[in-house]
Amino acid sequence: MFTKEQTNVCKGVGVLLLLFHHMYMSVSFTESMTLWFSDPTVLANIAVGMRVCVWIFAFLSAYGLTCKYNSLPESERRWFVPRQWLSLMKPFWLIFALTAVLYVILFVDLMGVYHYNGFFLAFDIFAVSDMMHTPKLLGVFWYMCFAQLVIFCIPVFNSFCRRFGYLSIPIAFIIMQFMGNGISTHNGGSYWDYLVVVVCGVVIAQKKLFCRIGAVKLHMALRIVLGVLLAAVGVGAIVLRQMAELGDVLHWRSVCSAVSAIAVCLLFGVFIRVKWLSKALAFLGRFSGLMFLIHSVLNNFVPQIIYLTHIAAVDYFIFVAETLLVSIAVHYLRRLIRYDKWFGKICCFGKKSCAKMLR
């Protein structure tokens, strides 16, 4: 079975790649680092390749949402989108509020970010700045806009993939060729680049492919061989993506990223069964949502508490540890102020109001 725990393992891998990507993707910055590589370009290229983390999160989101949607009775499916949207936005709004307070403390002029336009602030609060091409408090908030679109489209994708099965994947690739860039920003690139991996997530969830693969009993030697092959596919797809960096007319780079992301999820979620490693990654995965939002706050606002040694491996470990600790602190802050309880009451009131209107 591809359980929630195994999904958390994959999220743990994704968040580790994410932090490395955001730390060392700039060659100008890696020139000041030591120990890992004599050529800073190598470190930066590896960090850029680790942007596959976005495809990992997109795949896992589509997979998980599809499983949830299909587990619901027909009568409950009309509430699927609003429930999942609120579940997504609940932690984001808390992090946004804390980030805004920290920004005011450190830099004072919060509204200056939004050119003193209240609508721009509202767009950022509802995480649609990427769609509206307006300023964001943090660049990483672009993913919240994309994640909302995935939630809204899951019912449509589910019906589409149910009808066409595995053919949905090449059809999605063909559709990409005629859609231009669509929503495209500096932080997230073109949203169409994630279409194939989202459709793959839906199809694999519908076919229960990971569960079926995981249920097959394999000899340890064969498991190791397949694991090595999956690792080679994951790395090889990223190398091909880097080679197609320029002139990617057919969106092959996004396909390579999708292949790599699925290989990584299959490797760590199904084939690798080292208990201590899986437990450690699953623990990170449980806090990956908060870490995703919080790491950028630390990296952008207080980098002086991260880059302490200028030794890449050491500073990376510091960044992971600090992001995890702050995420755990925010998790317990939510409990302390009963954030989820009050949020639930507000949502329950809204649901009752909507139900009355639908009668």
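Numbering of residues starts from 1 in each chain and follows the order in which that chain's sequence is written. Per-residue local features are limited, in this predicted model, to residues with pLDDT of at least 70; the limit for side-chain atom pairs, both in listing and counting, is 80 or more; totals at the level of whole chains, interfaces and linings are taken over all residues. Values reported for side chains reflect all heavy atoms of the structure, with hydrogen atoms and water molecules removed beforehand.

Once that is clear, we can look at the overall build of the chain. Secondary structure elements are taken from DSSP: a helix is a run of H or I of four residues or more, a strand is a run of E of two residues or more, and numbering for both begins at the N terminus. When helices and strands are tallied, the chain shows 18 helices and 2 strands. If one aligns the C-alpha atoms of the chain with their principal axes, the spans along those axes are about 55 × 55 × 45 Å. Here's how the labels work: a residue is buried when its accessible area is under 20% of the maximum for its type, exposed when over 50%, partly exposed in between, all with a 1.4 Å probe on protein chains only. In the chain, which comprises 359 residues, the proportion classed as buried is 47%. A separation threshold of at least 6 residues defines the contact pool for the chain, and within that pool the share at least 24 residues apart is 73%. Areas reported as accessible are Shrake-Rupley estimates using a 1.4 Å probe. Residue values count occlusion only from the protein chains shown. Surface accessibility of the chain: about 18100 Å² in total, with carbon and sulfur atoms responsible for 71%. Working convention for charge: Lys and Arg count positive, Asp and Glu count negative, and His plus the chain ends are omitted. A charge is said to be at NZ when it belongs to Lys, at CZ for Arg, at CG for Asp and at CD for Glu. Charge separation in the chain, taken as the distance between the mean sites of 31 positive and 14 negative side-chain charges, equals 19 Å. The contact criterion used is simple: two residues touch if any of their non-hydrogen atoms lie within 4.5 Å.

Looking now at the packing of helix H16 (residues 288-301) against helix H17 (residues 312-336). For the pair H16 and H17, interaxial distance at closest approach is 9 Å and the crossing angle is 120 degrees. Compared by their axis directions, H16 and H17 come out oblique. Crossing geometry of H16 relative to H17 is assigned as right-handed. Residue-level inspection shows Leu290, Met291, Ile294, His295, Leu298 and Asn299 of H16 in contact with H17, the latter providing Phe319, Val320, Glu322, Thr323, Leu324, Val326, Ser327, Val330, His331 and Arg334. Here, axes are lines fitted to C-alpha atoms. For helices the fit covers the stretch in contact, and angles between N-to-C directions go from 0 to 180 degrees. Relative orientations are named as follows: roughly parallel for angles under 35 degrees, roughly antiparallel for angles over 145 degrees, roughly perpendicular for angles from 65 to 115 degrees, and oblique for any other angle. Should the near helix be turned anticlockwise from the far one by less than a right angle, the crossing is termed left-handed; should it be turned clockwise, right-handed.

Phi at Val108 is positive, roughly 70 degrees, even though this residue is not glycine. Mapped onto the fold, Val108 is located in the loop between helix H5 (80-107) and helix H6 (110-113). In this structure, Lys208 takes a positive phi of about 50 degrees despite not being glycine. By secondary structure assignment, the location of Lys208 is in the loop between helix H11 (195-207) and helix H12 (209-215). Since its relative accessible area comes to 54%, Lys208 is described here as exposed.

What follows covers the nonpolar core. A general tendency of soluble globular proteins is for nonpolar side chains to be buried together. Among buried residues, the Ala, Val, Leu, Ile, Met, Phe, Trp, Tyr and Cys ones that are joined through side-chain atoms within 4.5 Å form a nonpolar core. Grouped together as the largest cluster of nonpolar side chains are 109 residues, with contacts concentrated most on Phe59, Leu137, Tyr143, Phe146 and Phe210. Phe146 has contacts with Ala58, Tyr191, Tyr194 and Val198, leaving out every residue within four places of it along the chain.

Two elements in contact, helix H1 (residues 4-24) and helix H4 (residues 52-71), have axes separated by 8 Å at closest approach and are oriented at 155 degrees. With respect to their mutual orientation, H1 and H4 come out roughly antiparallel. Handedness of the crossing formed by H1 with H4: left-handed. Residues Thr7, Cys10, Lys11, Gly14, Val15, Leu17 and Leu18 of H1 form the contact with H4, whose participating residues are Val52, Cys53, Ile56, Phe57 and Leu60. As a working rule, the residues Ala, Val, Leu, Ile, Met, Phe, Trp, Tyr, Cys and Pro are called nonpolar, Asp, Glu, Lys and Arg charged, and the rest polar, with Gly in that last group. Grouping the constituent residues of the contact of H1 with H4 by class yields 9 nonpolar, 2 polar and 1 charged.

Mapping Ser129 onto the fold places it in helix H8 (residues 129-132). Within the structure, Ser129 has its side chain in polar contact with the backbone nitrogen of Asp124 (distance 3.2 Å). Within 3.5 Å is the distance limit for a polar contact, defined as a pair of N or O atoms, with the added protein rule that one can donate a hydrogen and the other accept it, and that residues adjacent in sequence qualify only through two side-chain atoms.

This part is about helix H9 (residues 142-164). Taking 1.5 Å of rise per residue, the 23 residues of H9 would be expected to cover 33 Å, and the 31 Å separating its terminal C-alpha atoms lies within 8% of that figure. One axis fitted to the seven residues ending at a residue, another fitted to the seven starting there: the angle between these axes is the bend at that residue. Of all the bends in H9, the greatest, near 50 degrees, is centred on Cys153, and the proline Pro155 appears no more than four residues after it. Positive phi appears at Gly165, one or two residues downstream of H9, with a value of about 60 degrees. To estimate the expected span of a helix, count its residues, drop one, and scale the result by 1.5 Å.

Right, let's get into the packing of aromatic side chains. Each pair of aromatic rings taken from Phe, Tyr and Trp, with Trp reduced to its six-membered ring, is defined by centres within 6.5 Å and is described as stacked if the planes are under 30 degrees apart, edge-to-face if over 60, and tilted in the remaining cases. Inspection of every chain in the model, using the stated rule, returns 29 aromatic pairs. The interplanar angle of 50 degrees and the centroid separation of 5.6 Å between the aromatic rings of Tyr143 and Phe146 together place this pair among those described as tilted. Here Tyr143 pairs with Phe146, and both are found in helix H9, just 3 residues apart, close to one helical turn. Phe146 shares its class with Tyr143; the two are buried. Their ring planes at 65 degrees and their centres at 5.3 Å tell us that Phe283 and Phe287 sit as a pair that is edge-to-face. An aromatic cluster is built from Trp55, Phe57, Trp142, Tyr143, Phe146, Tyr191, Tyr194 and Phe292, whose rings are joined through pairwise contacts.

For the rest of this paragraph, the subject is the pattern of salt bridges. The term salt bridge refers to a pairing of a side-chain nitrogen on Lys or Arg with a carboxyl oxygen on Asp or Glu at a separation within 4 Å. The final tally for this structure, using the stated rule, is 5 salt bridges. With a shortest N-O distance of 3.3 Å, Arg77 and Glu74 are connected by a salt bridge. For Glu74, a relative accessible area of 62% corresponds to the exposed category. Between Asp130 and Lys136 there is a salt bridge, and its shortest N-O distance comes to 3.0 Å. Per residue, the accessibility class of Asp130 equals that of Lys136, and both read buried.

Structurally, Ala127 can be placed in the loop between helix H7 (118-125) and H8. In sequence terms Ala127 and Leu308 are 181 residues apart; their C-alpha atoms lie 32 Å from each other. Apart from residues no more than four positions distant in its own chain, Ala127 is found in contact with Met89, Phe92, Met144, Cys145 and Gln148.

Attention now moves to the state of the cysteines. Only a pair of cysteine sulfur atoms within 2.5 Å qualifies as a disulfide here. All told, the structure shown has 0 disulfides when counted by the stated rule. Unpaired in terms of disulfides, Cys153 finds its nearest cysteine sulfur in Cys145, a separation of 11 Å. No disulfide involves Cys161; its sulfur sits 8.8 Å from that of Cys200, the nearest cysteine. Cys161 gets classed as buried once you look at its relative accessible area, which sits at 1%.

Honestly, that's just the spatial picture; any functional story needs more than this.
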